[in-house]
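Observations on chain architecture
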Amino acid sequence: MATSQLETNSEVLGDINRDVFGRQHVNLMLDHKQIAFIGNENTKTPSINSYTFSYRCAQLEGLISESANFLVLRVMARRQSLPQDAIFLSFDSDQHICTSTYKSLGFQKQKVKKEEVDVFVIERTVHAVEAPPLNWQFYFLPDGHLSCRVQVGSPATMVILQMPILIDIDEPDPRPVFEKVLLDWEEDVELYSKFLDRKEELQASHATYVRRHPELNTLLADFLQLLLLRKPDDVVTFAAEFFAPFSAQQPPCRSFRSSDRSGE
């Protein structure tokens, strides 16, 4: 398993493992000048094939490490579809920047012990700079479990020995539909109780306002006296014309036009 290494003014970005058996490690580090240093270390014989070189971070935009690549593959397997023209940057076996492409091989049958299951197969191709392309085939169960990995042309194959417990995919519940119910607030005990409470609250508020403004009694007396004198046909319009001059929102106008009989 690849191990992370920390150095002064450096941040480990990720570890890339190219060998199936974990014998070769690639450590990717970033320094304060935004330069990525790639080191290739042979863990079996450190003095052989160990070297370091660098890339600017702008050159690594879109790079997918091996661990991130597995997450991308699982997302594709769960969706059971691949985006068109899915191309990412990667490293070949010589740690040169190259492209990595993905291809769907559809559904196949795989036997795990005595059980035969459907698996979704994705082929990943790393287009090396100075070597032939490297191909891997990944077999995924419906919930995203990796059941098999095959490197084309290599005798090594990774296969699960027993069937894992599959993760159930929760289906969203259908949106509830509520039928419109006619509201009869007088028959509803709670609403009718709120109506009575609000009614008493307004009556108390109006009574308090009248007590604090005694001039209202004089104004109402004048209105009733004029109402008896004019005897308008439309009492509501007459009342609106009478109280209009006292409104700050109404423009001044001639009062009592609806009951003015001088022009008759």
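What counts, and where the lines are drawn
Residues numbered from 1 in each chain as written. Predicted model: local features only at pLDDT ≥ 70, side-chain atom pairs only at ≥ 80, totals over all residues. Heavy atoms only, no water. UniProt positions renumbered as here; feature names shortened; annotations may be inferred. Core = buried A, V, L, I, M, F, W, Y, C linked by side-chain atoms within 4.5 Å. Buried < 20%, exposed > 50% of the residue type's maximum accessible area, 1.4 Å probe, protein only. Helix = DSSP H or I, 4+ residues; strand = E, 2+ residues; numbered from the N terminus. Contact = heavy atoms within 4.5 Å. Salt bridge = Lys/Arg side-chain N within 4 Å of Asp/Glu carboxyl O. Phe/Tyr/Trp six-rings, centres within 6.5 Å; stacked < 30°, edge-to-face > 60°.

Per an unreviewed UniProt entry, the protein is named Ciliogenesis-associated TTC17-interacting protein, and its organism is Naja naja. Note on the protein: under the UniProt heading Sequence similarities (unreviewed entry), the record states "Belongs to the CATIP family." In its Function (unreviewed entry) section, the UniProt entry covering the protein states "Plays a role in primary ciliogenesis by modulating actin polymerization."

**Comments concerning the nonpolar core**
Leu 73, Met 76, Tyr 102, Ile 122, Phe 138 and Phe 140 are the most contacted members of the largest nonpolar core, which totals 13 residues. Contributing elements (two or more residues each) for this core: helix 1 (66-79), strand 6 (97-112), strand 7 (115-127) and strand 8 (134-140). Broken down by element, this core gets its largest block of residues, four residues, from helix 1. Once residues within four sequence positions are removed from consideration, Phe 140 is found in contact with Phe 70, Leu 73, Arg 74, Ala 77, Asp 118, Val 119, Phe 120, Ile 122, His 145, Leu 146 and Ser 147. Membership of the second largest hydrophobic core comes to eight residues, among which are Val 112, Val 117, Val 121 and Val 150.

**With respect to the pattern of salt bridges**
Here the structure, examined in full by the defined rule, presents four salt bridges. The shortest N-O distance in the salt bridge between Glu 66 and Arg 124 comes to 3.3 Å. A residue pair is termed long-range when its members are at least 10 positions apart, and Glu 66 in helix 1 and Arg 124 in strand 7 qualify at 58 residues. Judged by its relative accessible area of 2%, Arg 124 falls in the buried class. The residue Glu 201 makes a salt bridge to Arg 198 at a minimum N-O spacing of 3.2 Å. Of this pair, Glu 201 and Arg 198 both sit in helix 2 (residues 189-212), separated by three residues, roughly a single helical turn.

**Considerations on unusual backbone geometry**
One non-glycine residue, Gln 80, adopts positive backbone phi at about 55 degrees. Along the chain, Gln 80 turns up in the loop between helix 1 and strand 5 (87-91). The exposure class assigned to Gln 80 is partly exposed, which follows from its relative accessible area of 37%. Positioned with a positive phi, Lys 231 is a non-glycine residue whose angle comes to about 50 degrees. Mapped onto the elements of the fold, Lys 231 is located in the loop between helix 3 (215-230) and helix 4 (235-243).

**Observations concerning the packing of aromatic side chains**
Any two aromatic rings considered together are summarised by their centre-to-centre distance and by the angle between their planes. With the rule as written, the count across this model stands at 12 aromatic pairs. Between Phe 88 and Tyr 102, the aromatic rings sit 5.9 Å apart at their centres with planes inclined by 80 degrees, giving edge-to-face as the arrangement. Placement of the pair is Phe 88 in strand 5 and Tyr 102 in strand 6, with a sequence separation of 14 residues. Here Trp 185 and Tyr 192 contribute two aromatic rings whose centre-to-centre distance is 6.2 Å and whose plane-to-plane angle is 25 degrees, an arrangement assigned as stacked. A relative accessible area of 34% means that Trp 185 is categorised as partly exposed. Residue Tyr 192 is classed as partly exposed on the basis of its relative accessible area of 35%. Among the aromatic side chains, those forming a connected cluster through ring pairs are Phe 223, Phe 238, Phe 242, Phe 243 and Phe 246.

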